[in-house]
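Commentary on secondary and tertiary structure
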Amino acid sequence: MAECGRKGLSLLEEARSRYESLQISDDVFGESGDDSSENPFYSTTGDSNSDNYTETNADDARARETRSSQSYGPPGSVSNGQAQEEGWTDALQDISIPHYQDTHGPTQKMPATATAIDFFQLFVPDNVIHNMVTQTNMYAKKYQERFGSEEGWTNVTLAEMKAFLGYVTSTGVNRCESVLSIWSSGFFSNRSIALKMSQTRFEKILKYFHVVAFRSSQGGSHGLYKIQPFLDSLQQSFSSSFRPSQTQVLHEPLIDEDPVFITTCTERELRKRKKRKFSLWVRQCSSTGFICQIYVHLKEGPGPDGLDTLKNKPQLHSLVAKQLCQNLSGCNAIIFTGPSITSLNLFQEFEKQGIYCCGLLSTRKSDCTGLPQSMLMNTESPQQRGQSRIKMRGNMSIINWYNKGNFRFLTNAYSPTKEGVIIKRKSGEIPCPLAVEAFAAHLSYICKYDDKYSKYFIFHKPNKTWQQVFWLTISIAINNAYILYKMSDAYHVKRYSRAQFGERLVKELLDMDDCSPAQ
């Protein structure tokens, strides 16, 4: 038993050292989380491969392979599949990418006395909050001119707007669906902060709250015009406050409904809940979890860049990827992508800009134009775990790796001649190309980040799309603020967990007295 324990410990130590060499840092939230064995990019379960391949649908796979082979045409003819094999070879050569041209980490040194609100206001400073005050008062005035004045209404102040943000933010700390529960007598009541503002005053501010009160005469036709200036300001502050590491991930973060709420709410409440009308994509540093850039795509109505007219998902996701990576040209960054973004044309275009890629391929979700058909089909012969086939064209490699299912990868960021290993607690070491190991390690880290990120998502659920996007981006700003806090000297003064950091931020936004770092 002791020998088994020592062997397991040595495997974990080897995994840690290997992932550190791949720039994978420790848990950014400082808390141990559940094992991300269900990560579809990392798991060894049969239903986790890039094409949802399982042992039970092997017959279907062979049928598809037969249909694919029949599409090649009569003997002697040159079909599309055979033409796409041209240029791809089994002869592999070592490649290396240029050195990363950018520094990484926070761009400014925060003092050891910095508080939670100091880090938050790197992204949402007073001038941004003051603009919310101005726009909210403008909207309230116009509304009351049209529908009649409201008794007891007075213009919002900067201190009240900060308190308003603090109250809504507290729903992410207490995991409370309704912010009004703060003033109730139930389980989620919080008398200590309820005394800072009456429920009536909060509801009036909530009624009139706006970031942009009126549509601009110059443009502003797209659905996000009510928060676009805020999104632009937030994006600029993300870029100016932090420089990401060489390895970054493009993905959609976890922003689905809270599963606890879904299982406990009534059928009537579920019917009232509207389906989300937007998708959010991010570019995220895989060493720290810091979200460097965000992109919001409206599923309905006109968008700011015409992407709403694209119905082809691979084409849409390719343009989203270009938007997210527009500031990376010449840095020699390495981008990890999921199946919906991965494509040969996109990766080749990025390579010309000094951006290198490693992505998971799916014959159902990916744009497979230009890829060899022989690498996209499952073979009938039995395969061993860890077995891989690789073809190469120029610096681009396509990998077919077997691990209880076929996983396919496309990369120009890792040499096909270099070997790696996936280390599992039960299975031990599974050999794989280095690109597969790097992809699994980085995506596993991001999935763990997403698991924890969803716990601190602001639970306030407005019906209007612009408000949903606003509170979502505020949640991202708070998580980014915590990451910068952990990388600062202030973290050595008081080591707050993510939950404690959120509690401190709420109290500081409400201007509570006990907000010093020593508390």
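Residues numbered from 1 in each chain as written. Predicted model: local features only at pLDDT ≥ 70, side-chain atom pairs only at ≥ 80, totals over all residues. Heavy atoms only, no water.

**Here's the deal with the sheet that holds strand 5 (residues 291–298)**
Pairing within the open sheet is mixed, and its eight strands lie in the order 5-4-3-6-7-10-9-8. Strand pairing shows two members of the sheet lacking a second neighbour, strand 5 and strand 8 (388–393), which therefore form its edges. Across the sheet, the mean angle from the axis of one strand to that of its neighbour is 15 degrees, orientation sign disregarded. Sheet analysis places strand 6 (residues 333–337) next to strand 7 (residues 355–361), joined by five bridges and oriented parallel. The partner of Ile334 across the bridge, within strand 7, is Tyr356. (Pairing = 2+ DSSP bridges. Helix = DSSP H or I, 4+ residues; strand = E, 2+ residues; numbered from the N terminus. Axes fitted to C-alpha atoms, helices over the stretch in contact; angles between N-to-C directions.)

**Brief notes about the packing of aromatic side chains**
For any two aromatic rings, the description comes down to two numbers: the centre-to-centre distance and the angle of the planes. Inspection of every chain in the model, using the stated rule, returns 30 aromatic pairs. Look at Phe238 and Phe290: their rings are 6.0 Å apart centre to centre, the planes differ by 75 degrees, and that puts the pair in the edge-to-face class. A residue pair is termed long-range when its members are at least 10 positions apart, and Phe238 in helix 9 (residues 228–241) and Phe290 in the loop between strand 4 (278–285) and strand 5 qualify at 52 residues. When its relative accessible area of 1% is taken as the criterion, Phe238 is described as buried. Here a set of aromatic residues connected by ring pairs shows up, and it is made of Phe164, Tyr167, Trp183, Phe202, Phe209, Phe230, Trp466, Phe470 and Trp471. Positioned above the aromatic ring of Trp153, the side-chain terminus of Arg201 is 4.9 Å from the ring centre. A cation sits over an aromatic face here: Lys461 above Phe459, 4.9 Å from the ring centre. (Phe/Tyr/Trp six-rings, centres within 6.5 Å; stacked < 30°, edge-to-face > 60°. Buried < 20%, exposed > 50% of the residue type's maximum accessible area, 1.4 Å probe, protein only. Lys NZ or Arg CZ within 6 Å of the ring centre and 35° of its normal.)

**Remarks on the side chain of Gln246**
For Gln246, the location among the structural elements is in the loop between strand 2 (242–243) and strand 3 (247–251). Polar side-chain contacts of Gln246 include one of 2.9 Å to the backbone oxygen of Asn332. (Polar contact = N/O pair within 3.5 Å; in protein donor to acceptor, adjacent residues only side chain to side chain.)

**Quick look at the side chain of Thr411**
Within the secondary structure, Thr411 is located in strand 10 (residues 406–411). Among the residues examined, Thr411 registers a relative accessible area of 1% and is labelled buried. Looking at Thr411, its side chain comes within polar contact range of the main-chain oxygen of Cys357, at 3.0 Å. A distance of 3.0 Å separates a polar side-chain atom of Thr411 from the backbone nitrogen of Ala413. Those residues in contact with Thr411, other than ones at most four positions away along the chain, are Cys357, Cys358, Asn395, Met396, Ser397, Ile399 and Ala435. (Contact = heavy atoms within 4.5 Å.)

**So, helix 9**
Over its 14 residues, helix 9 extends 20 Å from the first C-alpha to the last, a length consistent with the 20 Å expected when each residue adds 1.5 Å. The set of residues buried in helix 9 consists of Gln228, Phe230, Leu231, Leu234, Gln235, Ser237, Phe238 and Ser241. (Expected span 1.5 Å × (residues − 1).)

**Let's talk about the pattern of salt bridges**
Scanning all chains against the criterion turns up six salt bridges. For Lys109, the salt bridge goes to Asp489, with nearest N and O atoms at 2.7 Å. Note that Lys109 is positioned in the loop between strand 1 (105–106) and helix 4 (116–120) and Asp489 in the loop between helix 15 (465–486) and helix 16 (490–493), a separation of 380 residues in sequence. (Salt bridge = Lys/Arg side-chain N within 4 Å of Asp/Glu carboxyl O.)

**Comments concerning the confidence of the model for the protein**
Looking at the protein, the pLDDT average stands at 79 and 74% of residues meet or exceed 70. For the protein, helix 2 (residues 58–70) is the element with the lowest average pLDDT, namely 40, and helix 4 is the one with the highest, namely 97. Confidence drops under pLDDT 50 across residues 22–48; counting only partners more than four residues distant or on other chains, this segment forms 86 contacts. In this model residues 258–262 is a low-confidence stretch, pLDDT under 50, and it forms six contacts with partners more than four residues away in sequence or in other chains. (pLDDT = per-residue confidence, 0-100.)

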